[in-house]
Amino acid sequence: MKLLITGGAGFIGSNFVRYMINKYPSYQIVNLDALTYAGNLETLKDLEMNKNYKFLKGDITDRTLINKLFENEKFDYVVNFAAESHVDRSITEPNIFVATNIQGTQVLLDASKDNNIKKYLQVSTDEVYGTLGEEGYFSETTSLAPNSPYSASKAGADMLVRSYNETFGLPINITRCSNNYGPYHFPEKLIPLMVINAMKEKNLPVYGDGLNIRDWLHVEDHCQAIDLVLHKGRNGEVYNVGGNNERTNIEIVKTILNYLNKSESLIRFVTDRPGHDRRYAIDATKLREELGWEPKYTFETGIKETIKWYQDNQQWWENIISGNYQEYFEKQYGLRLEV
Ligand code: NAD
Ligand code: TYD
(Lines give C-alpha, C1' and ligand atoms only; values in the text may rest on other atoms or scores of the structure.)
(Ligands and ions follow the chains in the order given, each with its own letter.)
Protein backbone atom coordinates (compact mmCIF):
# COMPACT_ATOMS: atom_id res chain seq x y z
CA MET A 1 0.00 0.00 0.00
CA LYS A 2 1.24 3.45 -0.86
CA LEU A 3 -0.16 6.33 1.09
CA LEU A 4 0.05 10.08 0.49
CA ILE A 5 -0.29 12.10 3.67
CA THR A 6 -0.52 15.84 3.06
CA GLY A 7 0.19 18.27 5.89
CA GLY A 8 2.15 15.57 7.70
CA ALA A 9 4.58 18.07 9.26
CA GLY A 10 1.78 19.67 11.30
CA PHE A 11 0.30 18.63 14.62
CA ILE A 12 -2.20 15.88 13.72
CA GLY A 13 -0.55 14.89 10.44
CA SER A 14 2.81 14.19 12.11
CA ASN A 15 1.14 12.11 14.80
CA PHE A 16 -0.66 10.20 12.04
CA VAL A 17 2.55 9.60 10.05
CA ARG A 18 4.18 8.11 13.17
CA TYR A 19 1.06 6.07 14.02
CA MET A 20 0.88 4.57 10.50
CA ILE A 21 4.61 3.79 10.25
CA ASN A 22 4.44 1.93 13.56
CA LYS A 23 1.21 0.12 12.82
CA TYR A 24 1.81 -0.76 9.15
CA PRO A 25 5.57 -1.25 8.70
CA SER A 26 5.06 -2.51 5.14
CA TYR A 27 3.18 0.60 3.92
CA GLN A 28 5.06 3.18 1.92
CA ILE A 29 4.31 6.66 3.17
CA VAL A 30 4.92 9.92 1.34
CA ASN A 31 4.48 13.07 3.43
CA LEU A 32 3.90 16.19 1.34
CA ASP A 33 3.91 19.45 3.24
CA ALA A 34 4.49 23.07 2.22
CA LEU A 35 6.24 23.80 5.55
CA THR A 36 4.27 26.90 6.36
CA TYR A 37 4.84 28.40 9.81
CA ALA A 38 2.84 25.41 11.19
CA GLY A 39 4.96 22.70 9.59
CA ASN A 40 7.91 21.49 11.63
CA LEU A 41 10.32 18.85 10.39
CA GLU A 42 11.98 18.58 13.79
CA THR A 43 8.82 16.76 14.80
CA LEU A 44 9.66 13.96 12.36
CA LYS A 45 13.43 13.83 12.84
CA ASP A 46 13.34 10.27 14.20
CA LEU A 47 11.65 8.96 11.03
CA GLU A 48 14.00 10.44 8.45
CA MET A 49 16.00 7.24 7.97
CA ASN A 50 12.97 4.95 7.71
CA LYS A 51 13.11 3.31 4.28
CA ASN A 52 9.33 3.27 3.86
CA TYR A 53 8.97 6.98 4.57
CA LYS A 54 9.71 9.97 2.35
CA PHE A 55 9.21 13.68 2.95
CA LEU A 56 8.56 16.07 0.07
CA LYS A 57 8.24 19.82 0.38
CA GLY A 58 5.35 21.00 -1.79
CA ASP A 59 2.15 22.97 -1.87
CA ILE A 60 -1.20 21.25 -2.47
CA THR A 61 -2.34 24.25 -4.54
CA ASP A 62 0.48 23.61 -7.04
CA ARG A 63 -1.39 21.62 -9.71
CA THR A 64 1.66 20.85 -11.84
CA LEU A 65 3.57 19.47 -8.88
CA ILE A 66 0.61 17.46 -7.58
CA ASN A 67 -0.15 15.94 -11.00
CA LYS A 68 3.48 14.92 -11.46
CA LEU A 69 3.63 13.47 -7.96
CA PHE A 70 0.52 11.34 -8.48
CA GLU A 71 1.74 10.10 -11.87
CA ASN A 72 5.13 9.14 -10.44
CA GLU A 73 4.05 7.57 -7.17
CA LYS A 74 0.85 5.64 -7.97
CA PHE A 75 -0.77 6.12 -4.56
CA ASP A 76 -3.45 3.78 -3.20
CA TYR A 77 -4.72 6.15 -0.51
CA VAL A 78 -4.69 9.92 0.07
CA VAL A 79 -5.26 11.43 3.51
CA ASN A 80 -5.48 15.23 3.40
CA PHE A 81 -4.49 17.05 6.58
CA ALA A 82 -2.93 20.05 4.79
CA ALA A 83 -4.75 23.18 5.84
CA GLU A 84 -4.54 26.57 7.39
CA SER A 85 -5.97 25.61 10.77
CA HIS A 86 -6.04 28.57 13.15
CA VAL A 87 -9.35 30.42 13.53
CA ASP A 88 -7.70 33.64 14.75
CA ARG A 89 -5.47 33.79 11.65
CA SER A 90 -8.51 33.22 9.42
CA ILE A 91 -10.04 36.41 10.82
CA THR A 92 -7.03 38.54 9.89
CA GLU A 93 -5.99 36.70 6.71
CA PRO A 94 -8.88 34.74 5.14
CA ASN A 95 -7.42 34.55 1.59
CA ILE A 96 -4.87 31.87 2.36
CA PHE A 97 -7.61 29.74 3.97
CA VAL A 98 -9.60 29.75 0.75
CA ALA A 99 -6.49 29.01 -1.30
CA THR A 100 -5.17 26.08 0.72
CA ASN A 101 -8.31 24.64 2.26
CA ILE A 102 -10.62 24.88 -0.76
CA GLN A 103 -8.47 25.22 -3.89
CA GLY A 104 -5.78 22.89 -2.56
CA THR A 105 -8.41 20.26 -1.78
CA GLN A 106 -9.76 20.54 -5.32
CA VAL A 107 -6.31 20.01 -6.80
CA LEU A 108 -5.91 16.84 -4.72
CA LEU A 109 -9.39 15.64 -5.70
CA ASP A 110 -8.65 16.10 -9.41
CA ALA A 111 -5.39 14.19 -9.12
CA SER A 112 -7.09 11.44 -7.09
CA LYS A 113 -9.86 11.12 -9.68
CA ASP A 114 -7.43 11.04 -12.61
CA ASN A 115 -5.22 8.42 -10.98
CA ASN A 116 -7.88 5.97 -9.74
CA ILE A 117 -7.08 6.34 -6.06
CA LYS A 118 -8.67 3.60 -3.89
CA LYS A 119 -9.77 6.14 -1.29
CA TYR A 120 -9.47 9.87 -0.64
CA LEU A 121 -9.95 10.79 3.02
CA GLN A 122 -10.60 14.42 3.93
CA VAL A 123 -9.74 15.37 7.50
CA SER A 124 -12.36 17.94 8.39
CA THR A 125 -13.63 19.49 11.58
CA ASP A 126 -16.73 19.75 13.77
CA GLU A 127 -16.48 23.52 13.28
CA VAL A 128 -18.28 23.14 9.92
CA TYR A 129 -21.49 22.55 11.92
CA GLY A 130 -21.28 25.99 13.56
CA THR A 131 -22.17 26.40 17.20
CA LEU A 132 -24.42 24.67 19.74
CA GLY A 133 -26.49 26.08 22.58
CA GLU A 134 -26.43 24.46 26.00
CA GLU A 135 -27.93 21.20 24.74
CA GLY A 136 -27.56 18.81 21.83
CA TYR A 137 -24.74 17.29 19.80
CA PHE A 138 -23.42 17.47 16.26
CA SER A 139 -24.30 14.36 14.27
CA GLU A 140 -23.29 13.63 10.68
CA THR A 141 -26.68 14.90 9.49
CA THR A 142 -26.50 18.25 11.29
CA SER A 143 -26.67 21.10 8.73
CA LEU A 144 -23.44 22.88 7.99
CA ALA A 145 -23.42 26.44 9.39
CA PRO A 146 -19.79 27.59 9.65
CA ASN A 147 -19.12 30.87 11.45
CA SER A 148 -15.45 31.66 10.82
CA PRO A 149 -13.52 31.97 7.56
CA TYR A 150 -11.60 28.87 8.74
CA SER A 151 -14.70 26.73 9.23
CA ALA A 152 -16.31 28.14 6.07
CA SER A 153 -13.27 27.10 4.05
CA LYS A 154 -13.32 23.61 5.60
CA ALA A 155 -17.06 23.32 4.83
CA GLY A 156 -16.40 24.38 1.23
CA ALA A 157 -13.77 21.66 0.95
CA ASP A 158 -16.15 19.06 2.39
CA MET A 159 -18.76 19.97 -0.22
CA LEU A 160 -16.23 19.55 -3.01
CA VAL A 161 -15.19 16.15 -1.65
CA ARG A 162 -18.83 15.06 -1.52
CA SER A 163 -19.40 16.28 -5.08
CA TYR A 164 -16.41 14.31 -6.47
CA ASN A 165 -17.96 11.19 -4.95
CA GLU A 166 -21.43 11.89 -6.37
CA THR A 167 -20.34 13.21 -9.77
CA PHE A 168 -17.16 11.30 -10.60
CA GLY A 169 -17.48 8.23 -8.38
CA LEU A 170 -14.25 9.00 -6.50
CA PRO A 171 -14.21 6.80 -3.36
CA ILE A 172 -14.13 9.16 -0.39
CA ASN A 173 -14.67 9.58 3.32
CA ILE A 174 -14.83 12.72 5.40
CA THR A 175 -13.98 12.74 9.11
CA ARG A 176 -15.13 15.61 11.32
CA CYS A 177 -13.45 15.69 14.66
CA SER A 178 -13.52 17.88 17.72
CA ASN A 179 -10.57 19.80 19.19
CA ASN A 180 -7.45 17.65 19.41
CA TYR A 181 -4.74 17.87 22.04
CA GLY A 182 -1.48 15.98 22.60
CA PRO A 183 2.23 16.05 21.68
CA TYR A 184 3.56 18.36 18.92
CA HIS A 185 0.63 20.80 19.09
CA PHE A 186 1.72 24.19 17.74
CA PRO A 187 1.88 26.73 20.58
CA GLU A 188 -0.64 29.16 19.09
CA LYS A 189 -3.55 26.88 20.12
CA LEU A 190 -5.24 26.98 23.53
CA ILE A 191 -3.69 24.02 25.39
CA PRO A 192 -0.02 24.33 24.34
CA LEU A 193 -0.14 28.13 24.61
CA MET A 194 -1.48 27.98 28.16
CA VAL A 195 0.95 25.23 29.23
CA ILE A 196 3.95 27.16 27.90
CA ASN A 197 2.82 30.52 29.27
CA ALA A 198 2.14 28.96 32.66
CA MET A 199 5.58 27.31 32.71
CA LYS A 200 7.13 30.69 31.87
CA GLU A 201 4.83 32.46 34.38
CA LYS A 202 3.47 34.69 31.60
CA ASN A 203 -0.16 35.85 31.42
CA LEU A 204 -2.80 33.41 30.16
CA PRO A 205 -5.16 35.22 27.74
CA VAL A 206 -8.70 33.82 28.03
CA TYR A 207 -11.13 35.11 25.40
CA GLY A 208 -14.46 36.61 26.58
CA ASP A 209 -15.92 35.01 29.71
CA GLY A 210 -13.96 31.76 29.30
CA LEU A 211 -17.19 29.74 29.23
CA ASN A 212 -16.98 28.59 25.62
CA ILE A 213 -17.01 24.81 25.48
CA ARG A 214 -14.83 22.50 23.37
CA ASP A 215 -15.02 18.68 23.22
CA TRP A 216 -11.40 17.52 23.64
CA LEU A 217 -9.99 14.49 21.84
CA HIS A 218 -6.51 13.03 22.27
CA VAL A 219 -4.64 13.11 18.95
CA GLU A 220 -3.80 9.39 19.14
CA ASP A 221 -7.50 8.51 19.44
CA HIS A 222 -8.08 10.69 16.38
CA CYS A 223 -5.33 8.82 14.47
CA GLN A 224 -6.96 5.52 15.35
CA ALA A 225 -10.30 6.81 14.03
CA ILE A 226 -8.76 7.94 10.73
CA ASP A 227 -7.06 4.55 10.34
CA LEU A 228 -10.41 2.78 10.83
CA VAL A 229 -12.27 5.06 8.42
CA LEU A 230 -9.52 4.76 5.81
CA HIS A 231 -9.62 0.96 5.84
CA LYS A 232 -13.23 0.23 6.74
CA GLY A 233 -15.31 3.37 6.21
CA ARG A 234 -18.27 3.00 3.85
CA ASN A 235 -17.75 4.81 0.56
CA GLY A 236 -19.14 8.35 0.53
CA GLU A 237 -19.78 8.52 4.27
CA VAL A 238 -18.99 11.19 6.83
CA TYR A 239 -17.82 10.08 10.30
CA ASN A 240 -17.78 12.35 13.35
CA VAL A 241 -14.95 11.82 15.84
CA GLY A 242 -15.24 13.14 19.38
CA GLY A 243 -14.12 12.25 22.85
CA ASN A 244 -17.15 13.19 24.98
CA ASN A 245 -14.88 15.48 26.92
CA GLU A 246 -16.68 18.80 27.06
CA ARG A 247 -14.83 21.41 29.07
CA THR A 248 -15.10 25.20 29.32
CA ASN A 249 -11.93 27.04 28.38
CA ILE A 250 -11.54 28.37 31.89
CA GLU A 251 -11.71 24.82 33.29
CA ILE A 252 -8.89 23.83 30.92
CA VAL A 253 -6.78 26.79 31.96
CA LYS A 254 -7.32 26.12 35.67
CA THR A 255 -6.51 22.40 35.21
CA ILE A 256 -3.21 23.34 33.58
CA LEU A 257 -2.33 25.88 36.29
CA ASN A 258 -3.23 23.41 39.00
CA TYR A 259 -1.13 20.63 37.48
CA LEU A 260 1.87 22.95 37.11
CA ASN A 261 1.31 24.37 40.59
CA LYS A 262 1.01 27.94 39.27
CA SER A 263 -1.21 30.76 40.48
CA GLU A 264 -4.60 31.56 38.92
CA SER A 265 -3.55 35.22 39.12
CA LEU A 266 -1.81 34.62 35.76
CA ILE A 267 -5.26 34.42 34.07
CA ARG A 268 -6.24 37.50 32.02
CA PHE A 269 -9.72 37.80 30.50
CA VAL A 270 -9.22 39.54 27.13
CA THR A 271 -11.45 40.82 24.30
CA ASP A 272 -13.48 38.00 22.80
CA ARG A 273 -12.76 36.50 19.37
CA PRO A 274 -15.28 37.83 16.78
CA GLY A 275 -17.85 35.18 15.82
CA HIS A 276 -16.61 32.99 18.68
CA ASP A 277 -18.52 29.67 18.62
CA ARG A 278 -20.00 28.97 22.04
CA ARG A 279 -20.09 25.21 22.24
CA TYR A 280 -18.97 22.18 20.25
CA ALA A 281 -19.99 18.63 21.18
CA ILE A 282 -19.78 15.55 18.99
CA ASP A 283 -22.01 12.53 18.75
CA ALA A 284 -19.62 9.78 17.59
CA THR A 285 -22.16 6.92 17.73
CA LYS A 286 -21.79 6.11 14.02
CA LEU A 287 -18.02 5.65 14.28
CA ARG A 288 -18.32 3.59 17.46
CA GLU A 289 -21.15 1.33 16.25
CA GLU A 290 -20.16 0.89 12.61
CA LEU A 291 -16.39 0.72 12.92
CA GLY A 292 -15.88 -0.23 16.58
CA TRP A 293 -13.88 2.90 17.49
CA GLU A 294 -13.13 3.34 21.20
CA PRO A 295 -10.96 6.17 22.50
CA LYS A 296 -8.05 5.01 24.64
CA TYR A 297 -7.59 8.19 26.64
CA THR A 298 -9.70 9.76 29.33
CA PHE A 299 -9.25 13.51 29.40
CA GLU A 300 -7.66 13.30 32.86
CA THR A 301 -4.87 10.93 31.77
CA GLY A 302 -4.46 12.60 28.36
CA ILE A 303 -4.04 16.12 29.68
CA LYS A 304 -1.56 15.06 32.36
CA GLU A 305 0.56 13.19 29.79
CA THR A 306 0.36 16.15 27.43
CA ILE A 307 1.48 18.68 30.03
CA LYS A 308 4.32 16.36 30.97
CA TRP A 309 5.26 16.06 27.29
CA TYR A 310 5.65 19.86 27.10
CA GLN A 311 7.77 19.77 30.25
CA ASP A 312 9.98 17.02 28.83
CA ASN A 313 10.28 18.52 25.34
CA GLN A 314 11.10 22.11 26.10
CA GLN A 315 13.65 22.36 23.26
CA TRP A 316 10.97 21.45 20.70
CA TRP A 317 8.74 24.38 21.61
CA GLU A 318 11.59 26.77 22.46
CA ASN A 319 12.81 26.27 18.87
CA ILE A 320 9.38 27.26 17.60
CA ILE A 321 9.15 30.33 19.78
CA SER A 322 12.67 31.47 18.77
CA GLY A 323 12.11 30.59 15.09
CA ASN A 324 15.00 28.08 15.10
CA TYR A 325 12.78 25.28 13.81
CA GLN A 326 12.79 27.01 10.45
CA GLU A 327 16.56 27.05 10.38
CA TYR A 328 16.28 23.28 10.65
CA PHE A 329 14.30 23.26 7.37
CA GLU A 330 16.92 25.44 5.76
CA LYS A 331 19.69 23.03 6.74
CA GLN A 332 17.67 20.15 5.31
CA TYR A 333 16.49 21.82 2.13
CA GLY A 334 18.72 24.83 1.59
CA LEU A 335 15.72 27.11 1.58
CA ARG A 336 14.95 30.43 3.12
CA LEU A 337 11.40 30.12 4.32
CA GLU A 338 9.00 32.98 4.61
CA VAL A 339 7.10 33.36 7.86
P1 NAD B 1 -1.53 22.33 11.65
O2 NAD B 1 -1.76 23.77 11.35
O3 NAD B 1 -0.74 21.95 12.86
O4 NAD B 1 -0.78 21.65 10.39
C5 NAD B 1 -1.15 21.92 9.08
C6 NAD B 1 -0.01 21.41 8.18
O7 NAD B 1 -0.40 21.66 6.82
C8 NAD B 1 1.33 22.13 8.40
O9 NAD B 1 2.37 21.19 8.47
C10 NAD B 1 1.46 23.02 7.18
O11 NAD B 1 2.82 23.26 6.81
C12 NAD B 1 0.71 22.23 6.12
N13 NAD B 1 0.19 23.06 5.05
C14 NAD B 1 -0.48 24.24 5.15
N15 NAD B 1 -0.77 24.72 3.92
C16 NAD B 1 -0.31 23.81 3.02
C17 NAD B 1 -0.32 23.73 1.62
N18 NAD B 1 -0.88 24.70 0.87
N19 NAD B 1 0.23 22.65 1.02
C20 NAD B 1 0.81 21.66 1.77
N21 NAD B 1 0.87 21.70 3.12
C22 NAD B 1 0.31 22.76 3.74
O23 NAD B 1 -2.96 21.67 11.65
P24 NAD B 1 -3.51 20.43 12.51
O25 NAD B 1 -4.02 20.94 13.80
O26 NAD B 1 -2.53 19.34 12.48
O27 NAD B 1 -4.78 20.05 11.64
C28 NAD B 1 -4.69 19.10 10.58
C29 NAD B 1 -6.04 18.97 9.91
O30 NAD B 1 -7.01 18.57 10.87
C31 NAD B 1 -6.55 20.27 9.30
O32 NAD B 1 -7.17 19.97 8.07
C33 NAD B 1 -7.57 20.78 10.30
O34 NAD B 1 -8.58 21.52 9.67
C35 NAD B 1 -8.11 19.48 10.87
N36 NAD B 1 -8.61 19.55 12.27
C37 NAD B 1 -7.80 19.97 13.27
C38 NAD B 1 -8.29 19.99 14.58
C39 NAD B 1 -7.43 20.40 15.74
O40 NAD B 1 -7.93 20.39 16.89
N41 NAD B 1 -6.16 20.72 15.58
C42 NAD B 1 -9.60 19.62 14.84
C43 NAD B 1 -10.40 19.21 13.77
C44 NAD B 1 -9.87 19.17 12.49
P1 TYD C 1 -8.20 27.10 19.62
O2 TYD C 1 -7.15 26.25 20.25
O3 TYD C 1 -7.76 28.27 18.78
O4 TYD C 1 -9.15 26.12 18.80
P5 TYD C 1 -10.60 26.44 18.08
O6 TYD C 1 -10.79 27.90 17.99
O7 TYD C 1 -10.39 25.81 16.72
O8 TYD C 1 -11.61 25.73 18.92
O9 TYD C 1 -9.14 27.66 20.76
C10 TYD C 1 -9.84 26.79 21.65
C11 TYD C 1 -10.73 27.66 22.51
O12 TYD C 1 -9.88 28.47 23.35
C13 TYD C 1 -11.58 28.65 21.74
O14 TYD C 1 -12.84 28.78 22.41
C15 TYD C 1 -10.82 29.96 21.82
C16 TYD C 1 -10.13 29.87 23.16
N17 TYD C 1 -8.81 30.55 23.26
C18 TYD C 1 -8.58 31.44 24.32
O19 TYD C 1 -9.45 31.69 25.17
N20 TYD C 1 -7.36 32.04 24.40
C21 TYD C 1 -6.37 31.81 23.49
O22 TYD C 1 -5.26 32.42 23.60
C23 TYD C 1 -6.62 30.89 22.42
C24 TYD C 1 -5.57 30.59 21.40
C25 TYD C 1 -7.86 30.28 22.35
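Just above, that's the structure.
Residues numbered from 1 in each chain as written. Chains lettered and ligands numbered in written order. Predicted model: local features only at pLDDT ≥ 70, side-chain atom pairs only at ≥ 80, totals over all residues. Heavy atoms only, no water.

Undergrad: Teacher, can you tell me more about the site of ligand 2 here?
TA: Near ligand 2 you find 18 residues, and of these Glu127, Pro205, Arg214, Arg273 and His276 are the closest. Between ligand 2 and the protein, one listed contact pairs an oxygen atom with a backbone N or O atom of leucine 190 at 2.9 Å. At 2.9 Å, a backbone N or O of tyrosine 207 approaches an oxygen atom of ligand 2. Mapped by element, the contributors of at least two residues to the shell around ligand 2 are helix H6 (190–199) and strand S8 (204–207). Classifying every residue of the shell around ligand 2 by side-chain character gives 8 nonpolar, 5 polar and 5 charged. (Near = heavy atom within 4 Å. Polar contact = N/O pair within 3.5 Å; in protein donor to acceptor, adjacent residues only side chain to side chain. Helix = DSSP H or I, 4+ residues; strand = E, 2+ residues; numbered from the N terminus. Nonpolar A, V, L, I, M, F, W, Y, C, P; charged D, E, K, R; others polar.)

Undergrad: Got a minute to help me understand the environment of glutamine 314 in this structure?
TA: Looking at where glutamine 314 falls in the secondary structure, it is placed in helix H11 (residues 314–322). For glutamine 314, a relative accessible area of 38% translates into the label partly exposed. Residues glutamine 314 and isoleucine 196, spaced 118 residues apart in sequence, show a C-alpha to C-alpha distance of 8.9 Å. (Buried < 20%, exposed > 50% of the residue type's maximum accessible area, 1.4 Å probe, protein only.)

Undergrad: Teacher, can you tell me more about the pattern of salt bridges here?
TA: Close approach of charged atoms lets side chains of opposite charge pair. One pass over the structure, following the stated rule, counts 22 salt bridges. In this structure, the salt-bridge partner of aspartate 46 is arginine 18, at a minimum N-O distance of 2.8 Å. Separated by 28 residues along the polypeptide, aspartate 46 in the loop between strand S2 (28–33) and strand S3 (53–57) and arginine 18 in helix H1 (residues 11–23) bring together distant segments of the chain. A salt bridge links aspartate 227 to lysine 23; its shortest N-O distance comes to 2.8 Å. Of this pair, aspartate 227 sits in helix H7 (residues 219–232) while lysine 23 sits in helix H1, placing them 204 residues apart in sequence. (Salt bridge = Lys/Arg side-chain N within 4 Å of Asp/Glu carboxyl O.)

Undergrad: Whenever I open this one, unusual backbone geometry confuses me. Can you help?
TA: For residues besides glycine, phi is generally negative; the peptide bonds are generally trans as well. Positive phi, normally seen in glycine, also occurs at asparagine 116, with a value near 50°. Considering the arrangement of structural elements, one finds asparagine 116 in the loop between helix H4 (94–114) and strand S5 (119–125).

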